[in-house]
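Here is how the chains run, residue by residue.
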Amino acid sequence: QVQLVESGGGLVQAGGSLRLSCAASGYTFSLYAMGWFRQAPGKEREFVGSISWSGGMSKDSCYYAKSVEGRFTISRDNAKNTMYLQMNSLKPEDTAVYSCARARAPHTIVPFEAADFGSWGQGTQVTVSS
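In this report, the structure presented in the accompanying data block is examined. Small disclaimer: the values here were computed from a predicted structure and weren't measured. Along every chain, residues carry numbers that run from 1 in the direction the sequence is written. Given that this is a predicted model, residues contribute local features only at a pLDDT of at least 70 and side-chain atom pairs are listed and counted only at 80 or more, while totals for whole chains, interfaces and linings are drawn from all residues. Only hydrogens and water are removed before side-chain values are computed, so all heavy atoms of the structure are retained for them.

## Observations concerning the nonpolar core
Inference 1: Formed by 32 residues in total, the largest nonpolar core has its most connected members in Trp 36, Met 83, Leu 85, Met 87 and Tyr 98.
Inference 2: To qualify as a helix, a DSSP run of H or I must reach at least 4 residues; to qualify as a strand, a run of E must reach at least 2; elements of each kind are numbered from the N terminus. Breaking this core down by element, the ones donating at least two residues are strand E3 (18-25), strand E4 (34-39), strand E5 (46-51), strand E7 (72-77), strand E8 (82-87), strand E9 (96-103) and strand E11 (124-129).
Inference 3: We call two residues contacting when some pair of their heavy atoms lies within 4.5 Å. Filtering out sequence-adjacent residues up to four positions away, Leu 85 remains in contact with Leu 18, Arg 19, Leu 20, Trp 36, Val 48, Phe 72, Thr 73, Ile 74 and Tyr 98. The definition of a nonpolar core used throughout is a set of buried Ala, Val, Leu, Ile, Met, Phe, Trp, Tyr and Cys residues joined through side-chain atoms within 4.5 Å. Note on classification: 1.4 Å probe, protein chains only; a residue is buried when its accessible area is under 20% of the maximum for its type, exposed when over 50%, partly exposed between these limits.

## Comments concerning unusual backbone geometry
Inference 1: One non-glycine residue with positive phi stands out, namely Asn 81, at about 50 degrees.
Inference 2: Here Asn 81 lies in the loop between E7 and E8.
Inference 3: At Ser 89, a residue that is not glycine, the phi angle is positive and equals roughly 50 degrees.
Inference 4: With respect to the helices and strands, the residue Ser 89 is situated in the loop between E8 and E9.
Inference 5: Look at Ser 89 and you get partly exposed, because its relative accessible area is 41%.

## Observations concerning the environment of Met 57
Inference 1: Among the secondary structure elements, Met 57 is positioned in the loop between E5 and strand E6 (62-64).
Inference 2: A sequence separation of 29 residues divides Met 57 from Thr 28, and the C-alpha atoms of the two residues are 19 Å apart.

## Thoughts on the packing of aromatic side chains
Inference 1: Aromatic contacts are taken between Phe, Tyr and Trp rings whose centres are within 6.5 Å, Trp giving its six-membered ring; a plane angle under 30 degrees counts as stacked, one over 60 as edge-to-face, and the others as tilted. Tallied over the full model, the rule gives 8 aromatic pairs.
Inference 2: Taken together, the ring pairs in this structure connect Phe 37, Phe 47, Tyr 63, Phe 112, Phe 117 and Trp 120 into an aromatic cluster.
Inference 3: Directly above the aromatic system of Phe 29 lies the positively charged group of Arg 76, at a separation of 4.4 Å from the ring centroid.
Inference 4: By the criterion adopted, a ring carries a charge over it if an Arg CZ or a Lys NZ lies within 6 Å of its centre and within 35 degrees of its normal. Lying across the ring of Tyr 27, Arg 102 places its NZ or CZ 4.7 Å from the centre.

## Overview of the state of the cysteines
Inference 1: The criterion for a disulfide is a pair of cysteine sulfur atoms lying within 2.5 Å. Tallying each qualifying case throughout the model produces 1 disulfide.
Inference 2: Across the disulfide from Cys 22 sits Cys 100; the S-S distance is 2.1 Å. Because the torsion about its S-S bond is 60 degrees, the bridge between Cys 22 and Cys 100 counts as right-handed. Of this pair, Cys 22 sits in strand E3 while Cys 100 is found in strand E9, placing the two residues 78 residues apart along the sequence. Each member of the pair, Cys 22 as well as Cys 100, is classed as buried.
Inference 3: The structure places no disulfide on Cys 62, whose sulfur is separated from the nearest cysteine sulfur, that of Cys 22, by 14 Å.
Inference 4: Residue Cys 62 is classed as partly exposed on the basis of its relative accessible area, which comes to 32%.

## A look at the pairing of E4
Inference 1: For E4, the tally of buried residues reaches 5 of 6 residues, placing the bulk of the element in the interior.
Inference 2: Pairing between strands is defined by DSSP: at least two bridges between them are needed. As paired elements, E4 and E5 share 5 bridges and run antiparallel to each other. Each residue of the ladder has a partner; that of Arg 38, found in E5, is Glu 46.
Inference 3: Hairpin connection between E4 and E5: a loop of 6 residues separates the two successive antiparallel strands, and Gly 42 in this loop has a positive phi of roughly 75 degrees.
Inference 4: With 6 bridges connecting them, E4 and E9 associate as antiparallel partners. In the sheet register, Trp 36 faces E9, and the bridge partner there is Cys 100.

Structure representation (structure tokens):
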């Protein structure tokens, strides 16, 4: 019943910005940590970042991969059951299929291992031209 649908991908020039959305349904959105992953052709799936569940001392805290730290920002709007990935200063190496995922267990704080996520979206293509 859990469904995750990404949107917002497209073609952008190096140095540009893009915002991806992940619309969730089928569960209580605020109770689960969420994450973004990406996979480029010929490369392994890579962790991009995650955001904590919306409660406790670490409410909505974020954690990012070093490759995107300072350029990407994750946020969530629980009223809209949506998570966002704001991508700035894009580079050609950011080109990949970006997927959102939900943590396996509720009340999780900034998970970063793929095994900690159990539900995945279909992904959206992001292409950055040089």
